[in-house]
Amino acid sequence: MTDAAQSYALGDFSPPRVPTFENVTPELFASEIQSARKPVVMKGVVRDWAVTRAAQESPQALASMLKRHASQKLVSVNLKEPSTGERYFYKDGLKSCNFGRRSVRLAVVADQLLQQMQQAAPMGLYMDAAPAADLLPGFIQQHPMALAPQDTEPRLWLGNSARVAPHFDVSENIACVVSGQRQFLVFPPEQVGNLYMGPLENTPGGAPVSMVDPRDPDLGAYPKYAEAMRHAMLAKLEPGDAIYIPRLWWHYVEASGPFNLLVNYWWDSPAVSPMSGLILAARTLRRLPEQDRAAMRAFFEHFVFSKDADAAFDHIPEDARGVMGPDTEAYDRVIQPILASMISGALSE
């Protein structure tokens, strides 16, 4: 693979590197990293994990460890023909994707990856966001992560070389490289207008993605991407390293190597995804007359985006505030079907 900074260069600009921290403690993470709300590379966070040590020995040693502890539960795996390259993306005018899915056991995934290492043109295999507790009983106890909340469930990303389109998560994220190398090209949330987001509901992996290929950006079709690149940062992670990605930050990911494993932690997820609100607002407000949209902008500013939004209903008794009531898990469970019904009705109009 070519030098990352050069390969992402546009004209005379190459993205700066994501800041790096050494010897990160939970206290440092909370006080200086997460509070700053910007991506950070954390060196050597999981270098002492048993799986990381096995990976440093060889792919075969890592595969043997995974198979030895794997459960019999099935996991969904993405499969790609060699001719389609390493990019997991759309095809056929966004009507379908250039990969298929199959359910197999983790041990089968490991064996297939070892087998593909012998092929001149390997098939792409990519297991994404698989719950570690289901597939590797005891993994959480044997591989502690002190930087994330204790009840955060680790997820496994296992495969060979892959390129994942720029996307964002609605949760906080720490991603830890166990085997292989990972490159992350990250963009702040406010660059959404320059990243040409694809469909909200028909997505390759669950989250909306940018239509731009960072390795080969078509500035004729996507001219504003040049501005997005002026705000981008690049991170290159080796085994043992981790990256913190705040919620709603866009990130393009490259996994390099014939047998790579990443473990990530998502937490602080909202009970109702903000994307639900975006879809509902876009569907109901976007085509209103300009005067009505301006009026609704004032409503949103007052009830959602202002610093005093939490106090917008202080003049109403708390038990009578309805959907603007206190945020509790029990109340969120009541609100979810109401929002689902509202969105369903809006989309059926």
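Look up: the structure comes first, before these words.
What this report covers is the structure whose coordinates are included nearby. (Residues numbered from 1 in each chain as written. Predicted model: local features only at pLDDT ≥ 70, side-chain atom pairs only at ≥ 80, totals over all residues. Heavy atoms only, no water.)

### Focus on the packing of helix H3 (residues 50-57) against helix H4 (residues 59-69)
So, point 1. Running from N to C, H3 and H4 cross one another at 145 degrees; their axes reach a closest spacing of 5 Å. For the pair H3 and H4, contact is made by Ala50, Val51, Ala54, Ala55 and Glu57 and by Ala61, Leu62 and Met65, respectively.
So, point 2. Across the contact of H3 with H4, the residue classes tally to 7 nonpolar, no polar and 1 charged. (Axes fitted to C-alpha atoms, helices over the stretch in contact; angles between N-to-C directions. Helix = DSSP H or I, 4+ residues; strand = E, 2+ residues; numbered from the N terminus. Contact = heavy atoms within 4.5 Å. Nonpolar A, V, L, I, M, F, W, Y, C, P; charged D, E, K, R; others polar.)

### Focus on the environment of Val164
So, point 1. The topology assignment puts Val164 in strand S10 (residues 162-167).
So, point 2. Leaving out residues up to four positions away in the same chain, Val164 has contacts with Tyr126, Tyr252 and Val253.

### What to know about helix H9 (residues 274-285)
So, point 1. Under the 1.5 Å per step criterion, the end-to-end length of H9 is 16 Å for 12 residues, consistent within 8% with the ideal 16 Å.
So, point 2. Considered for burial, the residues of H9 that qualify are Met275, Leu280, Ala281 and Leu285. (Expected span 1.5 Å × (residues − 1). Buried < 20%, exposed > 50% of the residue type's maximum accessible area, 1.4 Å probe, protein only.)

### Comments concerning the pairing of strand S12 (residues 233-237)
So, point 1. For S12, a buried count of 4 out of 5 residues is recorded, marking the element as mostly surrounded by other parts of the structure.
So, point 2. For strand S11 (residues 172-187) and S12, the ladder comprises 5 bridges, and the chain directions are antiparallel. By the bridge assignment for S12, Gln183 is matched with Lys236. (Pairing = 2+ DSSP bridges.)

### Here's the deal with the packing of aromatic side chains
How two aromatic rings sit relative to each other is set out by the distance from centre to centre and by the angle between their planes.
So, point 1. Using the criterion set out here, one finds 14 aromatic pairs in the structure.
So, point 2. An angle of 85 degrees between the planes, with centres 5.3 Å apart, marks the rings of Phe29 and Tyr244 as edge-to-face. In this pair, Phe29 is assigned in helix H2 (residues 26-33) and Tyr244 in strand S13 (residues 242-245), connecting sequence segments 215 residues apart. The residues Phe29 and Tyr244 share a single accessibility class, namely buried.
So, point 3. Relative to Trp250, the ring of Phe168 lies with its centre 5.0 Å away and its plane at 65 degrees, an arrangement referred to as edge-to-face. In this pair, Phe168 is assigned in the loop between S10 and S11 and Trp250 in strand S14 (residues 250-267), connecting sequence segments 82 residues apart. For the pair Phe168 and Trp250, a shared accessibility class is recorded, and that class is buried.
So, point 4. Members of the aromatic cluster, connected to one another through ring pairs, are Tyr88, Phe99, Tyr126, Trp157 and Trp266.
So, point 5. Of note, Arg87 hangs over the ring of Phe89, and the distance from its end group to the ring centre comes to 3.6 Å.
So, point 6. Looking at Arg215, its charged tip hangs above the ring of Tyr8, at a distance of 4.7 Å from the centre. (Phe/Tyr/Trp six-rings, centres within 6.5 Å; stacked < 30°, edge-to-face > 60°. Lys NZ or Arg CZ within 6 Å of the ring centre and 35° of its normal.)

### Things to note about the nonpolar core
When a protein is soluble and globular, its nonpolar side chains tend to lie buried together.
So, point 1. With 45 residues, the main nonpolar core has Phe29, Met42, Trp49, Met127, Leu158 and Ile174 as its most contacted residues.
So, point 2. What Phe29 contacts, discounting residues up to four positions off in sequence, is Val24, Gln34, Ser35, Met42, Leu147, Ile174, Tyr244 and Trp267.
So, point 3. Counting 21 residues, the second largest nonpolar core, distinct from the first, contains Val18, Tyr88, Val186 and Met233. (Core = buried A, V, L, I, M, F, W, Y, C linked by side-chain atoms within 4.5 Å.)

### What about unusual backbone geometry?
So, point 1. One non-glycine residue, Asp92, lies in positive phi territory at about 55 degrees.
So, point 2. Within the fold, Asp92 resides in the loop between strand S5 (90-91) and strand S6 (96-97).
So, point 3. Here Tyr196, not a glycine, exhibits a phi torsion of approximately 55 degrees, which is positive.
So, point 4. Mapped onto the fold, Tyr196 is located in the loop between S11 and helix H8 (225-229).

### Some thoughts on the packing of H4 against helix H5 (residues 106-116)
So, point 1. The geometry of H4 relative to H5 is characterised by a closest axis approach of 9 Å and an angle of 165 degrees between their N-to-C directions. One element, H4, and the other, H5, form an angle in the roughly antiparallel class. Our pair here, H4 against H5, has a crossing hand that is left-handed. Residue-level contacts link Pro59, Gln60, Ala63, Leu66 and Lys67 of H4 to Leu106, Ala107, Ala110, Asp111 and Leu114 of H5.
So, point 2. For the contact of H4 with H5, the class distribution of residues is 7 nonpolar, 1 polar and 2 charged. (Parallel < 35°, antiparallel > 145°, perpendicular 65-115°, else oblique. Left-handed = near helix turned anticlockwise from the far one by under 90°.)

Purely geometric numbers; function is a separate question.
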